[in-house]
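# Understanding the architecture of this molecule
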Amino acid sequence: MAGSSTKGHEMPELCVNIDHVATVRQARRTYEPDPIEAAREAEAGGADGITVHLREDRRHIQDADLPRLKAAVRTKLNLEMAATDEMVGIAIGLRPDLAMFVPERRQEVTTEGGLDVAGQEARIREAVARLKGSGIPASAFIDADERQVEAAARAGFDFCEIHTGPYAHAHHDRGATHAATAAELAKVTRAVAAVRAAGMQANAGHALHRTNVAPIAAIAGLCELHIGHSIVSHAVFVGMREAVAAMRRAIVEGAAAASPR
């Protein structure tokens, strides 16, 4: 559920994705930096949850990291994964607090868009049923598209995470107009409302940074923000604990700005 109230506005919780700590480790295929230590430091900085993505190509998080994270995380553990039989089996064995289906393409650097639930609804529904049959809440990472929201509801998802990449990239692009950024923000806002109207809980994430997160944090009804790369990047200079704390401050400011005066 959403985090603490900030003058009447529910502040979304911050779930920190630590994948790219493992990316640095895998560059040398050694033992450090350890993502489990990153999770502990993130929680010490105020993270409400830890998110990891076990990709099919194992480019960062490894299978052996999962039980260690499950034992170490004191908040909640969110597992991102492709909607495959292998990954569903891994999730059922691990029993994370939330399992989220995301699209994967081997050639991509990072996730490039939302899951096409509408285009593969029957297969996705079966995978969701397997998760929920084992008591694991299921989430879909989808674009801000009402058709995808409707398909996710039919497939039985408990949560939808709205892809904020287009908004974040418009915000960052010096050539983009204010109107373009506002239009992308409006899409996310409408998608969050649609998710809630469909009886699911709404999260958001991708490419969020402490310079652009405030307008997203101000959207009513968001439960969680899943943020990773910008926090890990900032942590290179200030440490994970402070990088998480700085992001939390930005979220608090955004939620406070949305509250009635």
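In this report, we go over the structure that sits alongside the text. Not measured: the values here are computed from a predicted model.

### Quick word on the overall build of the protein
- From N to C terminus, the protein includes eleven helices and ten strands.
- A globule of 261 residues ought to have a C-alpha radius of gyration of about 18 Å, and the protein, at 17 Å, matches this closely.
- Projecting the C-alpha coordinates of the protein onto the three principal axes gives extents of approximately 50 × 45 × 35 Å.
- Partitioning the contacts of the protein with sequence separation of at least 6, the portion at a separation of at least 24 is 69%.

### Focus on the pattern of salt bridges
- Under the definition given, this model contains 18 salt bridges.
- Close ionic contact of Arg241 with Glu41 constitutes a salt bridge, the shortest N to O distance being 2.8 Å. Placement of the pair is Arg241 in helix H11 (residues 240-257) and Glu41 in helix H2 (residues 35-44), with a sequence separation of 200 residues.
- Relative accessible area serves as the criterion here: at 43%, Arg241 is assigned to the partly exposed category.
- Between Arg55 and Asp57 there is a salt bridge, with the nearest N and O atoms lying 3.9 Å from each other.
- Under the relative-accessibility criterion, Asp57 is labelled partly exposed at 28%.
- Beyond isolated ion pairs, a larger network of salt bridges with shared partners links Arg25, Asp34, Asp65 and Arg68.

### Section: helix H6 (residues 146-155)
- Taken together, the buried positions of H6 are occupied by Gln148, Val149, Ala151, Ala152 and Ala155. For H6, the arc enclosing every buried residue in end-on projection is 165°, short of the 170-degree limit, so these residues lie on one face.
- At the N-terminal end of H6, a side-chain oxygen is found 2.9 Å from the backbone nitrogen of Arg147, two or three residues along, and the residue is Asp145.

### Brief notes about a negative patch on the surface
- A cluster of like negative charges, contributed by Asp116, Asp143, Asp145, Glu146 and Glu150, occupies part of the molecular surface.
- Using a relative accessible area of 32% as the deciding quantity, one classes Asp143 as partly exposed.

### Thoughts on the sheet that holds strand E9 (residues 201-205)
- Pairing is parallel in the closed barrel, where eight strands are placed in the order E3-E4-E5-E6-E7-E8-E9-E10. Adjacent strand axes in the sheet meet at a mean angle of 25°, parallel and antiparallel pairs treated alike.
- With five bridges joining them, strand E8 (residues 159-163) and E9 adopt parallel strand pairing. Residue pairing for E9: His163 is matched across the bridge by Gly205.
- Helix-sheet contacts for H11 involve strand E3 (13-17) and strand E10 (222-227), and the interaxial angle to E3 is about 145°.

### Some thoughts on the pairing of E3
- In terms of burial, E3 is largely enclosed, as five of its five residues are buried.
- Neither face of E3 is open: one carries Glu13, Cys15 and Asn17, the other Leu14 and Val16, and all of them are buried.
- Sheet analysis places E3 next to E10, joined by four bridges and oriented parallel. Bridged to Glu13 within E10 is Glu224.
- One ladder, built from three bridges, connects E3 with strand E4 (residues 49-53); its direction is parallel. Each residue of the ladder has a partner; that of Cys15, found in E4, is Gly49.

### Topic: the environment of Glu146
- Looking at the secondary structure, you find Glu146 in helix H6.
- Considered as a pair, Glu146 and Lys187 are 41 residues apart in the sequence and their alpha carbons are 9.5 Å apart.

### Topic: a nonpolar patch on the surface
- Among the surface-exposed residues, Val236, Phe237 and Val238 lie close enough to one another that they form a single nonpolar patch of about 350 Å² accessible area.
- Here Phe237 is to be found in helix H10 (residues 229-238).

### As for helix H4 (residues 85-94)
- Among all positions of H4, only Met87, Val88, Ala91 and Leu94 are buried. For H4, the arc enclosing every buried residue in end-on projection is 130°, short of the 170-degree limit, so these residues lie on one face. Of the residues in H4, the exposed ones pointing more than 90 degrees away from the buried face are Asp85 and Gly93.
- Here the buried face of H4 lies against helix H3 (65-72), strand E5 (77-81), strand E6 (98-101) and helix H5 (121-133).
- Phi turns positive one or two residues past the end of H4, at Arg95, with a value near 60°.

Rules and cut-offs
- Residues numbered from 1 in each chain as written.
- Predicted model: local features only at pLDDT ≥ 70, side-chain atom pairs only at ≥ 80, totals over all residues.
- Heavy atoms only, no water.
- Helix = DSSP H or I, 4+ residues; strand = E, 2+ residues; numbered from the N terminus.
- Rg over C-alpha atoms; globule rule 2.2 N^0.38 Å.
- Contact = heavy atoms within 4.5 Å.
- Salt bridge = Lys/Arg side-chain N within 4 Å of Asp/Glu carboxyl O.
- Buried < 20%, exposed > 50% of the residue type's maximum accessible area, 1.4 Å probe, protein only.
- Arc of directions from axis to C-beta.
- Polar contact = N/O pair within 3.5 Å; in protein donor to acceptor, adjacent residues only side chain to side chain.
- Patch = residues over 30% accessible without salt bridge, like charges linked within 9 Å, V, L, I, M, F, W, Y side chains within 5 Å.
- Areas by Shrake-Rupley, 256 points an atom, 1.4 Å probe, with all protein chains shown as cover.
- Lys, Arg positive; Asp, Glu negative; His and termini not counted.
- Charge placed at Lys NZ, Arg CZ, Asp CG, Glu CD.
- Pairing = 2+ DSSP bridges.
- Axes fitted to C-alpha atoms, helices over the stretch in contact; angles between N-to-C directions.

Nothing here speaks to function; it is all geometry.
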